[in-house]
Amino acid sequence: MTHHPAEKNPDQPIWRCAVPTPLRRYFDYRAPADWHGTALPGLRVQVPFGKRLITGVLLSTASESTVSDTKLKSVSEVLDTEPLFTRPLLALLTWASGYYHHPVGEVLPLGLSPSERRGRAERGTDIAALTLTKKGLALPQNAPHRAPKQAALIAMLRHGTTTLSDLTQSGFSRPVIRALIDHRLAKETELSQTDRWCMRSTPLPPNSEQQSVIEKVTADAGKFAVHLLHGVTGSGKTEVYLQTIAACLARREQSLVLLPEIVLTPQTLARFEARFDAPVLALHSGMGDLERDRVWAAARRGKAAIILGTRSAVFAPLQHLGIIIVDEEHDAAFAQQDGFRYSARDIAIKRGQLEHCPVLLGTATPSLESWYNADKGRYHCHQLTQRAGQGTLPSQRQIDISGLDLSAGLSAELVEKIDSTLSAGHQVLVFLNRRGFATALVCHDCGWTSGCPDCDARMTLHRTPAGLHCHHCDRRSSLPRSCPHCSSRRLAGTGIGTQQTEAFLNDRFSAFPVVRVDSDTMQGRESMPNLIKRLSDGEPVLMIGTQMLSKGHHFPHVALVAVVDADALLFSPDFRGGERLLQLLTQVSGRAGREEVPGEVLIQTRHPDHPLMQQLAGPYDKALPELLAQRQRGGLPPFGALGVIRCDSQSRQEGLDFLEHLKRDVASTKSCQLIGPLPAAMARRKSRYRSQLVLTASSRAALAASMASLVNVAESKRHSHRLSWSVDIDPYESL
Ligand code: ADP
Ligand code: ZN
Ligand code: ZN
């Protein structure tokens, strides 16, 4: 339904709308000529924008506009009878747009499901499921010619209709599901959400430390409070989450659980489903739009009891929010690092405040920010100091490898230890945070290295499949047989990656299975659950992998964790470098000794005297006062506020000039300093030049004010369309 200009009614009020454009402002329209209802904030509207009609959101009304009456257009259509945004969610999104200086029209759609963003109606809350057709049911039990995955799916569906998310959790990919539908062996159907919100299994009796957190968090029901749960790895934090959620469930309030990564979802989801006989719904980027639409509706209509999601689920609409839990709150995955840059953990805290519910941050390695807030009494801090169940914390030792001969990065002592651990029948985890075979290919005659043509980075040498791969822009090329510069054949890899260590371990420990765990081998969501299943019988297995191994997984039978190259993390120029090293190594060490087998951690370093290596030897929280003191000396977060304007341009000079102009227009003040413009640590990436202007301020308010004036100037500056800029408040990385 489109309105002609003639239908414009000058008596109608002005509607101030957010529309999805990169402009940081609202747009005025006149209410539709025939509109007599209440103009509720949050209603979606179709509005003319240029030559198109787009979906915007009504935010407020006004009697006058700065736009002249002749230019003022009318809203074409009102899409909703009641807003799809709850009031607190609308408030949260507008707050986030202001806090992060990001266009409101691009932030608001995050509170909508994919098809709602495109202007469609809310979908039903029933869940998509798959069921066998008559033809499928009639198949003989073991149809021989079917692909094994399809046969397994048919076998599973024989037990009954299964939801699509359960199928993906069980490792059935979309193509497999599609194939059965295409062959008319199965069809999509709908299951309604259960109305039961009950327990399926009885909780473990909590120990006294767990009991105390559960009581205190539950006592804060209905009001805002932040609880930091610092529990050593394996101390039963998840059990605490389950029991606080049980209390919410009993009050029929919804729980929102944020997890850092997609790989965490299947294992955790299974644990939640085993505990609760209630709708537990996952929300992550691996899901299709249809599935997301339904989860969104179920959450909004109060049908979902528990939402388990990754970063962007912090914007899921919820009717009666009882608690927000952020697991592994220190994790970098909560920081959205492109486009609209935000911290899902920080937004969760703001949301708790707006929704009047407690927020529980759990981790074995608190971020300095959260630790500081707890120390200042802004957060309640709880400790779980013991491993729950049978586990004990592993012992730790460093191996000084300076001057030693290494095989694929491993010292003789380490190889010896791996040998004795495997021979004793235990599992071993070798940690090396570099995938590929070697970090670069080098010519021994002229010194040529395999630089990426599009980035200021070296292309990594891969063996399986063979080739060069840039981990920054994804460019791949074949392996040169001779040096492109001097034609020498003396090319060799430098810097060891997981593939190289894997090859060595395979060779040396041929009697044991060696599994490589990195993003090259763990594609999709299938592999991690499979690996965990494979490890669960406790047979000796040797794992070699990257930080993917450090992420909260419960490997019950790992007795030895070996850190191949702690030094690679030791000299990071970023202000979070030290914090990240301690978190990563504490987390990876935490994979050892989680059940009966006592754990041991060996760390190879050439710098055993480095302060960070010394701190690593003690408990994690002992290191924090010194790290905080360093931040304080540098005026860095959590003491000072930090913001960055990042610029991306076709030529190096263009970006630097743009930022230089901004800087000239907005003077430094006593409370806010401008640093730069400077090229980013990786100045060129994907053929684009990256530069930045850093703001440091003594307070958030000072930062917000200076950033607002910079953004104002930037918006009004004409620049080439090949240049783009963005704002990063509380950046995770400052380089
Ligand atoms: P975290 O989340 O801190 O890593 P988990 O909640 O996964 O720890 O608990 C680690 C192990 O200890 C799990 O096997 C869990 O079942 C067990 N566990 C947790 N709490 C208890 C308890 N109160 N009594 C017995 N076992 C427990
Ligand atoms: Zn050469
Ligand atoms: Zn590249």
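Scroll up for the structure.
A short tour of the structure in this document, coming up. Quantities reported herein were computed from a predicted structural model and do not represent experimental measurements. (Residues numbered from 1 in each chain as written. Chains lettered and ligands numbered in written order. Predicted model: local features only at pLDDT ≥ 70, side-chain atom pairs only at ≥ 80, totals over all residues. Heavy atoms only, no water.)

### What about the packing of helix α13 (residues 368-375) against helix α19 (residues 620-634)?
The contact between α13 and α19 brings their axes to 11 Å, and the two run at 95°. Considered as vectors, α13 and α19 are oriented roughly perpendicular to each other. Counted together, Leu-368, Glu-369, Trp-371 and Tyr-372 of α13 and Asp-621, Leu-624, Leu-627, Leu-628 and Arg-631 of α19 form the full contact between these two elements. Taken together, the residues that form the contact of α13 with α19 break down as six nonpolar, no polar and three charged. (Axes fitted to C-alpha atoms, helices over the stretch in contact; angles between N-to-C directions. Helix = DSSP H or I, 4+ residues; strand = E, 2+ residues; numbered from the N terminus. Parallel < 35°, antiparallel > 145°, perpendicular 65-115°, else oblique. Contact = heavy atoms within 4.5 Å. Nonpolar A, V, L, I, M, F, W, Y, C, P; charged D, E, K, R; others polar.)

### So, the coordination of the zinc ion (ligand 2)
Within the protein, Cys-443 (SG), Cys-446 (SG), Cys-483 (SG) and Cys-486 (SG) serve as the donor atoms for the zinc ion (ligand 2), at 2.3 to 2.4 Å. Viewed at the metal, the four donor atoms of the zinc ion (ligand 2) are separated by angles of 106 to 113°, and the geometry they form is tetrahedral. Of note, the donors binding the zinc ion (ligand 2) are all from one chain and are spaced C-x2-C-x36-C-x2-C. Of this pair, Cys-443 sits in strand β20 (residues 438-443) while Cys-483 sits in the loop between β23 (476-477) and β24 (491-496), placing them 40 residues apart in sequence. An identical accessibility class is assigned to Cys-443 and Cys-483; each is buried. (Donors = N, O, S within 2.8 Å, 3.2 Å for Na, K, Ca; no water. Tetrahedral: all angles 85-135°; square planar, octahedral: opposite > 155°, others 65-115°. Buried < 20%, exposed > 50% of the residue type's maximum accessible area, 1.4 Å probe, protein only.)

### Some thoughts on the nonpolar core
Of all hydrophobic cores here, the largest spans 72 residues; its most connected members are Ile-307, Phe-315, Leu-662 and Leu-710. Residue contributions to this core peak at seven residues, all from helix α21 (residues 700-716). When neighbours within four sequence positions are excluded, Leu-710 is seen to be in contact with Ile-645, Leu-662, Val-666, Leu-674, Leu-693 and Leu-695. (Core = buried A, V, L, I, M, F, W, Y, C linked by side-chain atoms within 4.5 Å.)

### Considering the pairing of strand β3 (residues 44-49)
Taken across its six residues, β3 has five buried, putting it largely inside the fold. Here β3 pairs with strand β4 (residues 52-62) via six bridges, running antiparallel. Bridging from a neighbouring strand, Val-47 pairs with Ile-54 of β4. What sits between β3 and β4 in their antiparallel hairpin is a turn of two residues, with Gly-50 showing a positive phi close to 60°. Here β3 runs beside strand β5 (residues 77-78); their pairing, made up of two bridges, is antiparallel. For Val-45, the partnering residue across the bridge sits in β5 and is Val-78. (Pairing = 2+ DSSP bridges.)

### Details of the coordination of the zinc ion (ligand 3)
Cys-452 (SG), Cys-455 (SG), Cys-470 (SG) and Cys-473 (SG) make up the full set of protein donors to the zinc ion (ligand 3), lying at 2.3 to 2.4 Å. Taken together, the four donor atoms coordinating the zinc ion (ligand 3) and their angles of 106 to 114° define a geometry best described as tetrahedral. Counting residues between consecutive donors of the zinc ion (ligand 3) along the chain gives the motif C-x2-C-x14-C-x2-C. Of the two residues, Cys-452 is situated in the loop between β20 and β21 (460-463) and Cys-473 in the loop between β22 (466-469) and β23; the sequence distance between them amounts to 21 residues. The burial state of Cys-452 is the same as that of Cys-473; both residues are buried.

### So, unusual backbone geometry
Following Pro-637, the chain continues to Pro-638 via a peptide bond in cis, the omega torsion being 5°. For Pro-638, the location among the structural elements is in the loop between α19 and β29 (641-649). Its identity as a non-glycine residue notwithstanding, Arg-252 has a phi of 55°, on the positive side. Inspection of the secondary structure puts Arg-252 in the loop between α9 (237-250) and β11 (254-258).

### Observations concerning the site of ligand 1
Not every one of the 17 residues close to ligand 1 is listed here, only the nearest: Pro-205, Gln-210, Lys-237, Thr-238 and Arg-271. Separating a nitrogen atom of ligand 1 from a backbone N or O atom of Pro-205 is a distance of 2.9 Å. In this structure, Glu-239 approaches ligand 1 through a main-chain N or O atom, which is 3.4 Å from an oxygen atom. Its free accessible area being 560 Å², ligand 1 has 79% of it covered by the protein chains. Ranked by residue count, the leading element in the shell around ligand 1 is α9, at three residues. Here the shell around ligand 1 spans two domains, since at least three of its residues come from each of domain 3 (198-384) and domain 4 (395-434 + 496-626). (Near = heavy atom within 4 Å. Polar contact = N/O pair within 3.5 Å; in protein donor to acceptor, adjacent residues only side chain to side chain. Areas by Shrake-Rupley, 256 points an atom, 1.4 Å probe, with all protein chains shown as cover. Domains from an automatic or database assignment.)

### Observations regarding helix α17 (residues 577-589)
Here α17 contains 13 residues, and its C-alpha end-to-end distance of 18 Å stays within 8% of the 18 Å for a straight helix at 1.5 Å per residue. Burial analysis of α17 places 11 of its 13 residues in the buried class, the great majority of the element. Gly-577, Gly-578, Glu-579, Leu-581, Leu-582, Gln-583, Leu-584, Leu-585, Gln-587, Val-588 and Ser-589 are the residues of α17 that are buried. (Expected span 1.5 Å × (residues − 1).)

### Structural notes on the sheet that holds strand β26 (residues 542-545)
The sheet built from six strands is open, its strands ordered β18-β28-β27-β19-β26-β25 with parallel pairing. Where the open sheet ends on each side, the last strands, each with one partner, are β18 (395-400) and β25 (514-517). Between one strand and the next, the sheet's axes are offset by a mean angle of 20°, whatever the strand orientation. Where β25 meets β26, four bridges bridge the pair, whose relative direction is parallel. Bridging from a neighbouring strand, Val-517 pairs with Gly-545 of β26.

### What to know about the state of the cysteines
Considering all chains together, one arrives at zero disulfides under this definition. Cys-357 takes part in no disulfide bond, and the closest cysteine sulfur to it belongs to Cys-248, at a distance of 8.0 Å. (Disulfide = S-S within 2.5 Å.)

### Focus: the environment of Glu-328
Examined against the element boundaries, Glu-328 turns out to sit in the loop between β15 (321-327) and α12 (344-355). For Glu-328, a relative accessible area of 10% gives the class buried. Sequence separation of Glu-328 and Pro-260 is 68 residues, and the distance between their C-alpha atoms is 6.8 Å. Side chain to side chain, Glu-328 and Gln-587 meet in a polar contact 3.4 Å long.

### Digging into the environment of His-471
Examined against the element boundaries, His-471 turns out to sit in the loop between β22 and β23. Residue classification places His-471 among the partly exposed positions, given a relative accessible area of 28%. Placed 11 residues apart in sequence, His-471 and Thr-460 show a C-alpha to C-alpha distance of 7.2 Å. Beyond its immediate sequence surroundings of up to four residues, His-471 is in contact with Arg-435, Thr-460 and His-462.

### A short note on the sheet that holds β5
Sheet architecture is open: five strands sit in the order β2-β1-β4-β3-β5, paired in antiparallel fashion. Only two strands of the sheet have a single neighbouring strand rather than two, namely β2 (27-30) and β5.

### A closer look at the packing of aromatic side chains
In the structure shown here, the tally under the stated rule is 10 aromatic pairs. When the ring of Trp-15 is compared with that of Trp-35, the centres are 5.4 Å apart and the planes differ by 85°; the resulting orientation is edge-to-face. Of this pair, Trp-15 sits in strand β1 (residues 14-18) while Trp-35 sits in the loop between β2 and β3; the two residues are 20 residues apart in sequence, bridging distant segments of the chain. For Trp-15, a relative accessible area of 0% translates into the label buried. Judged by centre distance (5.9 Å) and plane angle (80°), the rings of Tyr-100 and Phe-340 are edge-to-face. On the criterion of sequence distance, the pair formed by Tyr-100 in the loop between α1 (87-99) and α2 (104-107) and Phe-340 in the loop between β15 and α12 is long-range, its members being 240 residues apart. Here the two residues Tyr-100 and Phe-340 agree in accessibility, since each one is buried. Ring-pair connections join several aromatic residues into one group, and the members of that group are Trp-95, Tyr-99, Tyr-100, Phe-315, Phe-340 and Tyr-342. Residue placement shows Lys-149 over the ring face of Phe-172; its charged tip is 5.5 Å from the ring centre. Between Arg-252 and the ring centre of Trp-197, over which it is positioned, the NZ or CZ distance is 4.4 Å. (Phe/Tyr/Trp six-rings, centres within 6.5 Å; stacked < 30°, edge-to-face > 60°. Lys NZ or Arg CZ within 6 Å of the ring centre and 35° of its normal.)

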